[in-house]
Structure formats: C-alpha cells, structure tokens
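Topology and contacts: notes
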Amino acid sequence: MTTVEKKDWHHKGSSSCTPFRTCCLSWWCPCIVYGRTRYRIENNDDMKGYSCCNHSCAGFCGLICLGISFVMLMMNRGDMRAKYHLKGNRCTDCLCACCCTPCDVAQQDKESAYREEQNKPVLAQPGKDSMIDFAPQ
C-alpha cells in the first residue's frame with residue numbers, strides 16, 4: 001500500500017478577502033459559494049449545468065436557519081482533503097468550519113478552483129514538445 005504525501009492548502013483561510021466578489025458572497029450569501037464549491041468538486045470542475053440555487057446551496061441554507069451549517073462545511077472540507085490529498089484532520093475541519101464560516105467558505109471555494117485547474121490535462125501543441133510531427137511531408 002502506497003501512502004500519498006499530503007499537500008499544504010494553497011489558499012489560506014486568512015486570505016479570504018480576495019477576490020472581493022467571493023469575499024462578499026461568503027459573508028452575505030455563503031450558501032451560494034458553498035453550492036458552487038460542492039458542484040465543482042462533484043463534477044471535476046465541469047461547471048456546465050451549474051445553477052447558484054442547487055441542492056447543496058438549499059441544504060446549506062436550511063442548516064443556516066437551524067444554526068448548524070458548519071456541519072456541511074466540515075464534511076466538505078474532509079471531502080476536499082481526501083480528493084486533493086491535503087493536510088489536516090477532522091479536528092481542524094471542525095475548527096475552521098465553526099470559528100469563521102465565511103472565511104472557510106471562501107477558502108474552500110478558492111482551493112477547489114485551484115486544485116481542479118491543476119488537475120486538468122495539459123494538451124500539447126502540435127510541433128511543440130510533442131512526439132508526433134504534424135508537418136506536411
């Protein structure tokens with residue numbers, strides 16, 4: 001059994017003020033940012049068919065009304081750690097989700113966008129660093 005080395009989070013929770021739009025949405029409508037993040041993770045960054053009012057957004061909004069929205073954030077953070085091989089544990093997931101929900105929502109959104117962009121295959125351009133020469137003979 002091989003162990004995968006855990007990576008640091010690329011985006012820190014303390015840098016949640018950029019971009020400004022994500023910061024504002026994280027503070028005033030965190031359910032929308034959570035729903036976008038969850039959709040991105042579940043669909044490997046394929047945002048076709050994305051709607052800001054999706055099932056994840058609705059669930060998060062419902063739990064906000066009950067005062068326990070941190071549960072979904074905590075579980076999503078664990079899913080992200082597993083998918084992207086990030087450092088952390090359940091305790092840090094809980095602390096991040098409970099202590100500053102808007103910062104955690106923004107961090108997860110930016111981190112998922114960054115990791116999904118890193119996971120996209122790089123397409124080689126014909127004639128440049130490729131093994132096949134498409135030049136006419």
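None of these values were measured; they are calculated from a predicted model.

**Describing the overall build of the chain**
Helix and strand counts for the chain stand at 6 helices and 0 strands. Each helix (α) and strand (β) of the chain, taken in turn from the N terminus, gives the series α-α-α-α-α-α. Across the 137 residues of the chain, 35% fall into the buried class. Put simply, 67% of the contacts in the chain that link residues at least 6 apart link residues at least 24 apart. About 8,800 Å² of surface is accessible on the chain, with carbon and sulfur atoms providing 61% of the total.

**Description of the packing of aromatic side chains**
Counted under the stated rule, the structure contains 2 aromatic pairs. Ring centres of Tyr34 and Phe60 lie 4.9 Å apart, and the angle between their planes is 20°; this geometry places the pair in the stacked category. Here Tyr34, found in helix 2 (residues 30–42), pairs with Phe60, found in helix 3 (residues 55–66); they are 26 residues apart in sequence, far enough to count as distant. Residue Phe60 is classed as buried on the basis of its relative accessible area of 0%. Over the face of the ring belonging to Trp9 we find Arg77, whose NZ or CZ atom lies 4.2 Å from the ring centre.

**With respect to the confidence of the model for the chain**
Residues with a pLDDT of 70 or more make up 85% of the chain, whose mean pLDDT is 87. In this model, residues 130–137 is a region of pLDDT below 50 whose contacts with residues beyond four sequence positions or in other chains number 4 contacts.

Definitions and limits used
Residues numbered from 1 in each chain as written. Predicted model: local features only at pLDDT ≥ 70, side-chain atom pairs only at ≥ 80, totals over all residues. Heavy atoms only, no water. Helix = DSSP H or I, 4+ residues; strand = E, 2+ residues; numbered from the N terminus. Buried < 20%, exposed > 50% of the residue type's maximum accessible area, 1.4 Å probe, protein only. Contact = heavy atoms within 4.5 Å. Areas by Shrake-Rupley, 256 points an atom, 1.4 Å probe, with all protein chains shown as cover. Phe/Tyr/Trp six-rings, centres within 6.5 Å; stacked < 30°, edge-to-face > 60°. Lys NZ or Arg CZ within 6 Å of the ring centre and 35° of its normal. pLDDT = per-residue confidence, 0-100.

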